[in-house]
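# Architecture and fold: a report
As a plain string of letters, each chain reads:
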Amino acid sequence: DAKTTQPTSMDCAEGRAANLPCNHSTISGNEYVYWYRQIHSQGPQYIIHGLKNNETNEMASLIITEDRKSSTLILPHATLRDTAVYYCIVRVANAGNNRKLIWGLGTSLAVNP
Amino acid sequence: DVKVTQSSRYLVKRTGEKVFLECVQDMDHENMFWYRQDPGLGLRLIYFSYDVKMKEKGDIPEGYSVSREKKERFSLILESASTNQTSMYLCASSMGGPGIYGYTFGSGTRLTVV
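Please read these numbers as outputs of a predicted model, since none were measured by experiment.

### Overview of the overall build of chain A
For chain A, the count of helices and strands is zero helices and ten strands. Listing each helix as α and each strand as β along chain A from the N terminus yields β-β-β-β-β-β-β-β-β-β. For chain A, whose C-alpha radius of gyration is 14 Å, the value lies close to the compact-globule estimate of 13 Å for 113 residues. Each of the three principal axes of chain A carries a C-alpha extent, and together these read 45 × 30 × 25 Å. Considering only residue pairs separated by 6 or more positions, chain A has 55% of its internal contacts joining residues 24 or more positions apart.

Set out below in C-alpha cells:
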C-alpha cells in the first residue's frame, strides 16, 4: 500500500496562499490522491482528489507532479477558518466495494492573522 | 444538507459496560466505516460495511463488534468497555460501486471509559 509523507506543521498568513506538500513516492498507476481536513473536534471533511491531472474546486486546487510521486494542495486565500489538520491519502482499492483509505498524521496548518 | 449523525458527542462509561455507538446517514450510501482516533496514531479503521448485514474487520477490530441491520444505520459495540478504548470514535459513509467517492464523516463521539 502506498504511504504518504507530510510535514508535521506549517504556518500561513491570513489572505496568502497556503501550499501543503505531500510525498507519495510508492504510488501505483491506478491509485488516487485524496485530501481531507479536520478542524478541531470535528470529523474530517473531504476537500479534493485526483489521479494525474491538476484539479480545482471551490475549496482548493490539487497539483500532482508528472511522475505522481508528490502533490501539493493549494488554498489560494487562506482564512482563519482554514486552520486545521490536512491529510493527504492514497486510495487503496480492495476487491468488491471496499474502499479503504490509509490515514497518516497529516499537516497541522495554522493560519495567522 | 446531507449528513452523518453520531448519536452522542460525549460519553462516559464504566469499565466492563457494554457500549453502543450509533451512526446514521441520510445519503443512501452503501459503505459505512467506524474509526477511532488517538493522538499520535491518527485514524485507525475498526470495522466497515459495504452492504446491509455485511461487515468486515478493519485494522483494529479486537474488543469491538458492529451491526448493520438497515442501510442507513451502522452501530459500533464495545462488548466490555476497557480504559484503553477511551478515544474519539468517528463514523463515515461513502457511495459504493466502482467509482471514486469521498467519505462523509460524522462529528465524532468522544468516549471516556473510567
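Structure shown, so let's carry the discussion forward.
### A short note on the sheet that holds strand S5 (residues 55-56) of chain A
Residue and element names in this part refer to chain A. The four strands lie next to each other as S2-S7-S6-S5, forming an open sheet whose pairing is antiparallel. For this open sheet the edge positions go to strand S2 (18-23) and S5, each flanked by a neighbour on one side alone. Taken together, the two bridges between S5 and strand S6 (residues 61-64) define a ladder with antiparallel strand orientation. Note on S6: the bridge partner recorded for Glu 55 is Leu 62.

### Considering the packing of aromatic side chains
Residues and elements named next belong to chain B. If you walk through the whole model with that rule in mind, you get 13 aromatic pairs over all chains. Ring plane angle 45° and centroid distance 6.0 Å describe the contact between Tyr 35 and Phe 105, whose orientation is recorded as tilted. Residue Tyr 35 is found in strand S5 (residues 31-38), and its partner Phe 105 is found in strand S11 (residues 104-105); the two are separated by 70 residues along the sequence. Of the two residues examined, Tyr 35 and Phe 105, each falls in the buried class.

### Here's the deal with unusual backbone geometry
Residues and elements named next belong to chain B. A positive phi angle, close to 60°, is found at Asp 28, a residue other than glycine. Looking at where Asp 28 falls in the secondary structure, it is placed in the loop between strand S4 (23-25) and S5. Of note in the backbone geometry, Lys 53 takes a positive phi value of approximately 65° without being a glycine. The topology assignment puts Lys 53 in the loop between strand S6 (42-49) and strand S7 (56-57).

### A closer look at the environment of Val 12 of chain B
Mapped onto the secondary structure, Val 12 of chain B falls in strand S2 (residues 10-13). Separated by 69 residues in sequence, Val 12 of chain B and Ala 81 of chain B have C-alpha atoms that sit 11 Å apart.

### Things to note about the state of the cysteines
With the rule as written, the count across this model stands at two disulfides over all chains. Covalently, Cys 22 of chain A is tied to Cys 88 of chain A through a disulfide, its sulfur atoms 2.0 Å apart. One disulfide, between Cys 22 of chain A and Cys 88 of chain A, carries an S-S torsion of -80° and so falls in the left-handed class. In this pair, Cys 22 of chain A is assigned in strand S2 and Cys 88 of chain A in strand S8 (residues 84-93), connecting sequence segments 66 residues apart. Per residue, the accessibility class of Cys 22 of chain A equals that of Cys 88 of chain A, and both read buried. Shown here is the disulfide that connects Cys 23 of chain B with Cys 91 of chain B, its sulfur atoms set 1.9 Å apart. Across the S-S bond linking Cys 23 of chain B and Cys 91 of chain B, the dihedral sits near -75°, which makes this disulfide left-handed. Residue Cys 23 of chain B is found in strand S4, and its partner Cys 91 of chain B is found in strand S10 (residues 87-94); the two are separated by 68 residues along the sequence. The pair Cys 23 of chain B / Cys 91 of chain B is uniform in exposure class, with both members buried. The closest cysteine sulfur to the non-disulfide-bonded Cys 12 of chain A is located on Cys 22 of chain A, 18 Å from its own sulfur.

Thresholds, definitions, all that
Residues numbered from 1 in each chain as written. Chains lettered and ligands numbered in written order. Predicted model: local features only at pLDDT ≥ 70, side-chain atom pairs only at ≥ 80, totals over all residues. Heavy atoms only, no water. Helix = DSSP H or I, 4+ residues; strand = E, 2+ residues; numbered from the N terminus. Rg over C-alpha atoms; globule rule 2.2 N^0.38 Å. Contact = heavy atoms within 4.5 Å. Pairing = 2+ DSSP bridges. Phe/Tyr/Trp six-rings, centres within 6.5 Å; stacked < 30°, edge-to-face > 60°. Buried < 20%, exposed > 50% of the residue type's maximum accessible area, 1.4 Å probe, protein only. Disulfide = S-S within 2.5 Å.

Coordinates in, geometry out; function isn't part of it.
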